[in-house]
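Structural overview
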Amino acid sequence: MYSAQVCDAAMRQLSRRRSEALATADARRYELFARVPRFKEIENELSAQGAQLGKMVLSGGSFVQQLQAMQQRNLALQKEQEDMLRQLGLPANYLEPPYYCPLCEDTGYVEGKRCQCLSSLLRVEASKALPAPDHLSDYSFDAFKLDYYPAQGEGAVSPRQQMQAVLNKCRVFAESFPCGGESLLFLGRTGLGKTHLSLAIANEVAKSGAAVAYASAQDLVDRAERAKFGRDSGGDAEFVQGALTCDLLVLDDLGTEFPSQMAAATLFQVINTRLLERRSTIISTNLSPQELQDRYSERLASRILCSYSALPFAGNDIRLRKAMQ
Ligand SMILES: [Zn+2]
């Protein structure tokens, strides 16, 4: 369920699109009528046919024959109109309103069902209630420095090589978004660049016009609690709704929230719903897979560990190394 505020905003946007399309069509008609009066005659005749049809029904008689004659005349007029448009170098549908969404003609509904354009407007409006993290644009793939990761390590793969692979995966994910609703799990200690890479992805994906939301686990739980118990501090319900329905959710610092029933219920609802609806989520956590299993219910842990692509981050604490240089 979306809030009234979100619904109103989406419907306003929809009716703005529709009026724009109708106004454009009107402007085109009048301009064409002035240039070529025959267009006006054709339109008059086409609209007179509707009235004629009513009279035919009343008069009875050879109704089918008259109807066929009328349909032929109708097709001939439409063809004449299209030919004239073509001669002017205009498309055949030039006089039709240029709807933003031809499926529903900007009404938001097709055969009584919500059109995909309205669903997407609702998601975008709901995600506007989410605060963007500060300086989102500072986090880019190019600003991610592999030099901070040691080129030598104990294992066969050095931390730098491992992070090169993580970086590549993140770039591919952002470029091929929505990538079938794939979700990513960033594993590793604080300071290894998890937030940086998740925000770099968010940046790229947002540029493509998708609805992107960012929340720390604690913030999400706090807002869900306030919305649920009627202590909404302004936009909390929209925030939670946006977290459920946006195209990409970045859920930061899973495992640092205060453990409670509310936290468990909120996290399960958001993570599970997004998986079922094939919406991508990026979760970052300092917990190991074992710690995730110990801390959360089996259901929640298995959703994350089985359905997300895990990316283990390697290296020393980057913030520390940066600070020392
Ligand atoms: Zn539509």
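So, here's what we can say about the structure.

Moving on, we come to the nonpolar core. Generally speaking, nonpolar side chains in soluble globular proteins are found buried as a group. Ranked by size, the top nonpolar core spans 27 residues in total, and within it Leu220, Leu251, Leu254, Leu267, Ile271, Ile283 and Ile304 carry the most contacts. Secondary structure elements with two or more residues in this core: strand 3 (184-187), strand 4 (212-216), helix 7 (217-228), helix 8 (236-245), strand 5 (248-254), helix 9 (261-276) and helix 11 (298-307). A total of five residues in this core trace back to one element, the largest contributor, which is helix 9. If we skip the residues at most four places from it in the chain, isoleucine 271 touches Leu251, Ile283, Leu300, Arg303, Ile304 and Tyr308.

Under the criterion given, the structure shown has 17 salt bridges. The partner of glutamate 80 in a salt bridge is arginine 38, with the nearest N and O atoms 2.7 Å apart. Highlighted residues: glutamate 80 in helix 3 (residues 63-87) and arginine 38 in helix 2 (residues 38-59), separated in sequence by 42 residues. Looking at glutamate 80, the relative accessible area reads 28%, which means it is partly exposed. Arginine 38 sits in the partly exposed class, given a relative accessible area of 24%. In this structure, the salt-bridge partner of aspartate 219 is arginine 223, at a minimum N-O distance of 3.6 Å.

This paragraph deals with the packing of aromatic side chains. Overall, the coordinates contain four aromatic pairs when judged by the stated rule. Ring centres of phenylalanine 144 and tyrosine 149 lie 5.8 Å apart, and the angle between their planes is 35°; on these two criteria the pair is classed as tilted. Given a relative accessible area of 8%, phenylalanine 144 falls into the buried group. Taking the centre distance of 5.0 Å and the plane angle of 50° together, the rings of phenylalanine 186 and phenylalanine 313 count as tilted. With phenylalanine 186 in strand 3 and phenylalanine 313 in the loop between strand 7 (309-312) and helix 12 (318-324), this residue pair connects regions lying 127 residues apart in the sequence. Sitting over the ring of phenylalanine 239, arginine 223 keeps its end group 4.1 Å from the ring centre.

What the five strands build is an open sheet, ordered 4-5-6-3-7; its pairing is parallel. If you trace the sheet from one side to the other, it starts and ends with strand 4 and strand 7, each paired once. Here the average twist between neighbouring strands, direction ignored, is 15°. In this sheet, strand 5 lies alongside strand 4 in parallel orientation, the contact comprising five bridges. The residue bridging alanine 213 from the neighbouring strand is leucine 249, located in strand 5. Packing against the sheet, helix 5 (residues 159-175) makes contact with strand 3, strand 5, strand 6 (280-285) and strand 7, and its axis sits at approximately 140° to strand 7.

Time to look at unusual backbone geometry. In this structure, the amide linkage connecting phenylalanine 177 to the following residue, proline 178, adopts the cis form with an omega of 15°. If you trace the backbone, proline 178 turns up in the loop between helix 5 and strand 3. Residues other than glycine seldom take positive phi values, yet glutamate 111 does so here, at roughly 50°. Looking at where glutamate 111 falls in the secondary structure, it is placed in the loop between strand 1 (109-110) and strand 2 (113-114). Residue classification places glutamate 111 among the exposed positions, given a relative accessible area of 81%. A positive phi is found at arginine 278, a non-glycine position, where the angle reads about 55°. Its relative accessible area of 60% is what places arginine 278 among the exposed residues.

What counts and what doesn't
- Residues numbered from 1 in each chain as written.
- Predicted model: local features only at pLDDT ≥ 70, side-chain atom pairs only at ≥ 80, totals over all residues.
- Heavy atoms only, no water.
- Core = buried A, V, L, I, M, F, W, Y, C linked by side-chain atoms within 4.5 Å.
- Buried < 20%, exposed > 50% of the residue type's maximum accessible area, 1.4 Å probe, protein only.
- Helix = DSSP H or I, 4+ residues; strand = E, 2+ residues; numbered from the N terminus.
- Contact = heavy atoms within 4.5 Å.
- Salt bridge = Lys/Arg side-chain N within 4 Å of Asp/Glu carboxyl O.
- Phe/Tyr/Trp six-rings, centres within 6.5 Å; stacked < 30°, edge-to-face > 60°.
- Lys NZ or Arg CZ within 6 Å of the ring centre and 35° of its normal.
- Pairing = 2+ DSSP bridges.
- Axes fitted to C-alpha atoms, helices over the stretch in contact; angles between N-to-C directions.

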